[in-house]
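Topology and contacts: notes
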Amino acid sequence: MKGRNMTRWRDPAKDPRQEPKSNLITPEGYARLKGIHDHLSRVKRPELSTKVGEAAALGDRSENADYTYNKKELNRVIARIRYLGKRLDELQVVDRLPADTGRIYFGAFVTLEDEEGEELRIRIVGHDETNTDKRWISVDAPLAKALLGKALDDEATVTAPGGETTYIITDIEYREPST
């Protein structure tokens, strides 16, 4: 049976989406997620509930586009609130610097230099706060796994779909966590 909702079968043992994700997060990331959860719970959900109620009062719901749209949006917001509530409960906030700040651990800002001499500055953060624009990568990412525990001037080799890349660590920086 083929259809638009069919996906190809993936072996669960080899599917990267099935790998367990770490539950680490920075204090700033936790505050951001908590803020989103609070906004959705206290502002967005009551606002959408009111809109759904007003649209339902107009009569026939089957042909009421305003009711249908707002009901779908309300269900999406409720699902997001439920997900964030569960996720916030299982997260572990890393609110202190590591004992050895000369090595790369969670929360580190790392400057790397590749074989061509180009610099790349990244930060190792939790799965929930990755941001490609800021170059914040997940602690579960292959590059982060290759860097963890390394010191200044160490080499780290990362295997990517395009081939292997070797980086030299040129700077490691930590910032005091803000709670």
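Residues numbered from 1 in each chain as written. Predicted model: local features only at pLDDT ≥ 70, side-chain atom pairs only at ≥ 80, totals over all residues. Heavy atoms only, no water.

**Observations concerning the overall build of the protein chain**
- A count of helical and extended segments in the protein chain gives 3 helices and 7 strands.
- The linear arrangement of helices and strands in the protein chain, starting from the amino end, is β-α-α-β-β-β-β-α-β-β.
- Its C-alpha radius of gyration of 22 Å places the protein chain more than 25% over the 16 Å reference for a compact globule of 179 residues.
- If you line up the protein chain on its principal axes, its C-alpha atoms span 70 × 50 × 30 Å.
- Long-range contacts, defined here as pairs at least 24 residues apart, represent 57% of the contacts in the protein chain between residues at least 6 apart.
- In the structure as shown, the protein chain presents an accessible area of about 12,200 Å², 48% of it carried by carbon and sulfur atoms. (Helix = DSSP H or I, 4+ residues; strand = E, 2+ residues; numbered from the N terminus. Rg over C-alpha atoms; globule rule 2.2 N^0.38 Å. Contact = heavy atoms within 4.5 Å. Areas by Shrake-Rupley, 256 points an atom, 1.4 Å probe, with all protein chains shown as cover.)

**Some remarks on the pairing of strand 7 (residues 163-173)**
- For strand 3 (residues 109-113) and strand 7, the ladder comprises 5 bridges, and the chain directions are antiparallel. In the sheet register, Glu-113 faces strand 7, and the bridge partner there is Ile-168.
- Note: strand 6 (residues 155-160) against strand 7, 6 bridges, orientation antiparallel. Bridged to Ala-160 within strand 7 is Gly-163.
- Hairpin connection from strand 6 to strand 7: 2 residues lie between these consecutive antiparallel strands. (Pairing = 2+ DSSP bridges.)

**Side note on helix 1 (residues 27-56)**
- Under the 1.5 Å per step criterion, the end-to-end length of helix 1 is 42 Å for 30 residues, consistent within 8% with the ideal 44 Å.
- Of all bends in helix 1, the biggest is about 40 degrees, found at Leu-40.
- Of the residues making up helix 1, those classed as buried are Pro-27, Gly-29, Leu-33, His-37, Leu-40, Leu-48, Val-52, Ala-55 and Ala-56.
- Contacts from the buried residues of helix 1 go to strand 1 (24-25), helix 2 (65-90) and strand 2 (92-93). (Expected span 1.5 Å × (residues − 1). Bend = angle between axes of the 7 residues up to and from the residue. Buried < 20%, exposed > 50% of the residue type's maximum accessible area, 1.4 Å probe, protein only.)

**Focus on the environment of Ala-55**
- Relative to the helices and strands, Ala-55 resides in helix 1.
- Considering only alpha carbons, one finds Ala-55 and Glu-73, 18 residues apart in sequence, at a separation of 13 Å.
- When sequence neighbours within four positions are dropped, the list of residues in contact with Ala-55 reads Asn-64, Asp-66 and Tyr-67.

**Quick word on helix 2**
- With 26 residues, helix 2 should reach 38 Å at 1.5 Å per residue; the first-to-last C-alpha distance of 38 Å fits that figure.
- Considered for burial, the residues of helix 2 that qualify are Tyr-67, Asn-70, Glu-73, Leu-74, Val-77, Ile-78, Ile-81, Leu-84, Arg-87 and Leu-88.
- Where helix 2 is buried, its residues touch helix 1.
- You can read the cap of helix 2 off the contacts: a side-chain oxygen lies 3.2 Å from the backbone nitrogen of Asp-66, and it is on Asn-64. (Polar contact = N/O pair within 3.5 Å; in protein donor to acceptor, adjacent residues only side chain to side chain.)

**Quick look at the nonpolar core**
- Among the nonpolar cores identified, the biggest contains 20 residues, and Ile-104, Leu-112, Ile-122, Leu-143 and Leu-147 are the most heavily contacted of them.
- Those elements that provide at least two residues to this core are strand 3, strand 4 (119-125), helix 3 (142-147), strand 6 and strand 7.
- The greatest single-element share of this core, amounting to 4 residues, is contributed by helix 3.
- Apart from the residues lying within four places of it in its own chain, the contact partners of Leu-147 are Ile-104, Leu-112, Ile-122, Ile-124, Ala-156 and Ile-169. (Core = buried A, V, L, I, M, F, W, Y, C linked by side-chain atoms within 4.5 Å.)

**Comments concerning the side chain of Asp-114**
- Looking at the secondary structure, you find Asp-114 in the loop between strand 3 and strand 4.
- As a buried residue without a salt bridge, Asp-114 has its nearest oppositely charged side chain in Arg-135, at a separation of 9.8 Å.
- A polar contact is formed between the side chain of Asp-114 and the backbone nitrogen of Glu-118, at a distance of 2.8 Å.
- Leave out the neighbours within four places in its chain, and Asp-114 touches Thr-166 and Tyr-167. (Lys, Arg positive; Asp, Glu negative; His and termini not counted. Salt bridge = Lys/Arg side-chain N within 4 Å of Asp/Glu carboxyl O.)

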